Amino acid sequence: MTRYPWWKYLIILAVVLPSFLYALPNFFGWHAAVEVRAPVGTQLPPVATMQDWLSAARIPVTKVASDAAGITFFFPNDNAQGLAETLLQNRLPRNAQVILSQKSAEPAWLAALGARPVNLGLDLRGGVYLLLKVDTDAVIKHALEEDRNRLRSFLRRKDLQYLNVEQTGPTTLSIQMASEQLAREAQGRIAEEFPDLALTPKGQGVLQAQLTPAAAQKMQDDALQQAIVVIRNRIDELGVAEPQIQRQGKEHIAVQLPGVQDTQRAKEIIGSTAQLEFKMVAERVDMAAALKGQIPPGDALYYGVDGTPYVLHQETVLTGRYLNGASAGIDNNTGQAIVNISFDSVGTRIFGDLTSKHVGQRMAILLDNKVVTAPVIREAITGGRAQIDGFSSLKDASNVAIELRAGALPAPVHVSEERTVGPTLGQDSIHDGVMAVIFGMLFVVLFMTLYYRAFGLIADLAILVNILFILAVLSIMGGTLTLPGIAGIVLKIGLAVDANVLVFERIREELRHGMSPRASIDAGFKRAFATIVDSNITVLIAALTLFQFGTGAIKGFALVLTIGVLVSMFTATLMSRGIVEFALGKRRVQKLWI
């Protein structure tokens with residue numbers, strides 16, 4: 001029997017057993033896998049047929065799994081995985097997605113309990129790191145262009161005669177009214193309709209409209225948040241597991257794509273603005289004169305993806321905001337790659353009215369200010385569906401379809417920094433990190449056992465529980481383990497026994513003062529408690545501060561440190577006492593081996 005309350009033992013078991021259970025998947029390793037997915041409407045061959053392809057090529061398959069997302073093939077090594085990817089890409093339909101991935105080798109019963117291995121960061125798993133800069137100035141420029149068009153329509157609708165509305169600065173518009181009296185009247189009307197514009201009379205019927213700083217800042221913040229959402233949607237279309245996307249500073253977005261090997265395709269899809277616009281072609285324009293700069297007012301010169309020049313009306317008659325679907329395919333008549341698009345109810349009505357009014361005229365379809373195609377409208381299109389051709393390959397069409405489905409970026413995005421971490425380097429990092437943990441743990445265990453004898457073994461057990469608890473919490477939270485996180489674990493191996501050392505030294509001190517072993521144990525745990533709390537609280541405050549204000553690697557380190565501090569307080573004050581009391585029972589103790 002023991003003098004320790006039974007409910008405290010229940011608390012210890014309630015912490016230790018789930019920690020062991022949820023940390024267990026991390027010790028089963030990973031399987032090399034290839035996932036096969038296909039867009040809606042694409043028919044994949046039967047699974048048996050794909051298995052026959054792999055078998056004929058002598059590529060070993062250990063397991064096949066199917067779910068709503070697609071089909072996953074498991075392989076014994078990375079070499080077989082690479083051969084399978086190449087074979088499947090060549091045999092499957094062109095718009096099918098063949099994705100390299102790593103799947104946990106944990107048993108099915110653990111997966112059924114919701115236990116998952118810790119996600120590995122880019123530095124451990126390999127992949128792509130991109131630091132993207134969002135051109136927020138372009139957002140303000142585009143907003144001013146919209147305000148200029150809206151102002152013209154508003155003034156016409158209110159019968160306020162104006163001579164010109166033009167942009168005169170990065171955040172300013174100049175409104176030339178027909179008279180000073182009309183300028184004064186327009187100022188009040190415009191202020192009510194356009195609260196984001198600060199109006200200043202400049203005399204002679206001129207009003208200067210300045211975008212307010214608050215409005216400009218809100219536009220930039222909204223653009224950055226919208227860009228994060230769009231990029232996340234595009235990465236989901238790519239099928240990347242556990243991506244990390246986070247804002248960095250005022251105009252940057254950090255993107256980590258673990259496991260991605262096709263760097264160029266990832267950059268093209270993530271960084272493409274994908275702004276879809278429809279503009280009418282200016283038919284009666286002398287192209288030779290336009291190329292020399294003689295372009296009629298209201299028109300502009302654009303170029304196609306093949307370099308062909310077009311003169312288009314500047315007014316955008318329809319945009320991609322009204323899309324509700326996009327998919328790549330092959331035109332049955334021409335055999336060329338196309339993108340089929342469909343509009344929502346509002347877009348269907350606008351597109352139907354537009355094509356009805358301009359039968360026989362050419363309408364240009366632009367993607368990121370480049371003319372993809374400029375077909376002649378043969379008849380009114382009222383069904384809300386259209387197709388875009390002019391792509392060099394089905395892969396290009398598939399990339400554009402992904403971008404359109406995910407939505408357009410609110411502003412151009414430029415790659416400021418790019419880093420690629422190879423899988424081999426990631427495996428080396430994992431090996432070195434694990435060895436650091438093992439050697440650090442061995443040295444601490446050896447020292448504690450030699451110095452504190454039987455009590456040192458109790459502290460060694462606290463180290464093991466500490467590591468299991470960190471892994472379990474990261475697994476449950478869906479956290480990501482990085483190299484700095486491993487550094488945090490190594491640090492916590494040392495700090496995990498720190499609280500135990502305070503207790504053990506206090507017990508030694510009480511023994512030297514002549515107390516009995518039982519009384520020394522009671523006094524040691526009780527009197528060291530306040531010191532343990534004080535010392536760990538200061539570390540906890542520092543860790544939480546790093547987590548709140550740090551980014552990337554610093555957050556990973558701070559998260560592991562925070563979890564380690566909390567569990568080390570538990571192991572030192574509750575678990576260690578429970579183990580001591582359980583070992584001693586109620587028998588009289590003459591001497592402590594400490």
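Relevant structure appears above.
About the cut-offs
- Residues numbered from 1 in each chain as written.
- Predicted model: local features only at pLDDT ≥ 70, side-chain atom pairs only at ≥ 80, totals over all residues.
- Heavy atoms only, no water.
- Helix = DSSP H or I, 4+ residues; strand = E, 2+ residues; numbered from the N terminus.
- Expected span 1.5 Å × (residues − 1).
- Buried < 20%, exposed > 50% of the residue type's maximum accessible area, 1.4 Å probe, protein only.
- Phe/Tyr/Trp six-rings, centres within 6.5 Å; stacked < 30°, edge-to-face > 60°.
- Pairing = 2+ DSSP bridges.
- Axes fitted to C-alpha atoms, helices over the stretch in contact; angles between N-to-C directions.
- Contact = heavy atoms within 4.5 Å.
- Parallel < 35°, antiparallel > 145°, perpendicular 65-115°, else oblique.
- Left-handed = near helix turned anticlockwise from the far one by under 90°.
- Salt bridge = Lys/Arg side-chain N within 4 Å of Asp/Glu carboxyl O.
- Arc of directions from axis to C-beta.

## Things to note about helix α14 (residues 454–477)
Here's step 1: Counted at 1.5 Å a residue, the expected span for α14 with its 24 residues is 34 Å, and the 35 Å between its end C-alpha atoms agrees.
Here's step 2: Burial of α14 is extensive: 17 of the 24 residues sit out of reach of the surface.

## Structural notes on the packing of aromatic side chains
Here's step 1: All chains considered together, the criterion is met by 10 aromatic pairs.
Here's step 2: On the numbers, 6.0 Å between centres and 55° between planes, the contact of Phe 278 with Phe 343 is tilted. Note that Phe 278 is positioned in strand β13 (residues 276–280) and Phe 343 in strand β18 (residues 337–343), a separation of 65 residues in sequence.
Here's step 3: Residue Phe 278 is classed as buried on the basis of its relative accessible area, which comes to 0%.
Here's step 4: With a relative accessible area of 5%, Phe 343 lands in the buried category.
Here's step 5: Ring geometry for Phe 455 and Phe 504: centres 5.5 Å apart, planes at 80°, overall edge-to-face. Separated by 49 residues along the polypeptide, Phe 455 in helix α14 and Phe 504 in helix α16 (residues 498–512) bring together distant segments of the chain.
Here's step 6: By relative accessible area, Phe 455 is classed as buried at 6%.

## A look at the sheet that holds strand β21 (residues 385–388)
Sheet strands pair via backbone hydrogen bonds, and the direction of the pair is either parallel or antiparallel.
Here's step 1: The 3 strands are arranged β17-β18-β21 in an open sheet whose pairing can be described as antiparallel. If you trace the sheet from one side to the other, it starts and ends with β17 (323–330) and β21, each paired once. For this sheet the average axis-to-axis angle between neighbouring strands, irrespective of direction, equals 25°.
Here's step 2: Note that β17 and β18 share 7 bridges and pair antiparallel. When the sheet's bridge partners are listed, Ala 326 is paired in β18 with Ile 341.
Here's step 3: This element, helix α11 (residues 345–357), spans β18 and β21 of the sheet and lies at about 110° to β18.

## Focus on the packing of α14 against α16
Here's step 1: Orientation of α14 relative to α16, taken along the N-to-C sense of each, is 165°, at an axis distance of 10 Å. Classed by the angle they form, the pair α14 and α16 counts as roughly antiparallel. At the point where α14 passes α16, the crossing takes the right-handed sense. Packed against α14, whose contacting residues are Phe 455, Gly 456, Ala 459 and Ala 462, the element α16 presents Asn 500, Phe 504 and Ile 507 at the interface.

## Let's talk about the pattern of salt bridges
Here's step 1: Going through the model one piece at a time under the given rule, you end up with 13 salt bridges.
Here's step 2: Between Glu 185 and Arg 189 there is a salt bridge, with its nearest N and O atoms 3.8 Å apart. In this pair, Glu 185 and Arg 189 are both assigned in helix α7 (residues 180–193), 4 residues apart and thus about one turn of the helix distant.
Here's step 3: You can call Glu 185 partly exposed: its relative accessible area is 38%.
Here's step 4: For Arg 189, a relative accessible area of 33% gives the class partly exposed.
Here's step 5: Asp 522 is the salt-bridge partner of Arg 577, the closest N and O atoms lying 2.5 Å from each other. Of this pair, Arg 577 sits in helix α18 (residues 553–584) while Asp 522 sits in helix α17 (residues 517–549), and the two are 55 residues apart along the sequence.
Here's step 6: Each of Arg 518, Asp 522, Arg 577 and Glu 581 takes part in one network of salt bridges that share partners.

## Regarding helix α6 (residues 136–157)
Three or four residues apart is the spacing at which side chains of an α-helix point the same way, because the helix has 3.6 residues per turn.
Here's step 1: End to end, α6 covers 31 Å across 22 residues, agreeing with the expected 32 Å (1.5 Å per residue, within 8%).
Here's step 2: Those residues of α6 not exposed but buried are Thr 136, Val 139, Ile 140, Ala 143, Leu 144, Asp 147, Leu 151, Phe 154 and Leu 155. Taken end-on, α6 shows its buried residues confined to a sector of 130°, consistent with a single buried face.
Here's step 3: Just downstream of α6, Asp 159 is the residue with a positive phi angle, here 55°.

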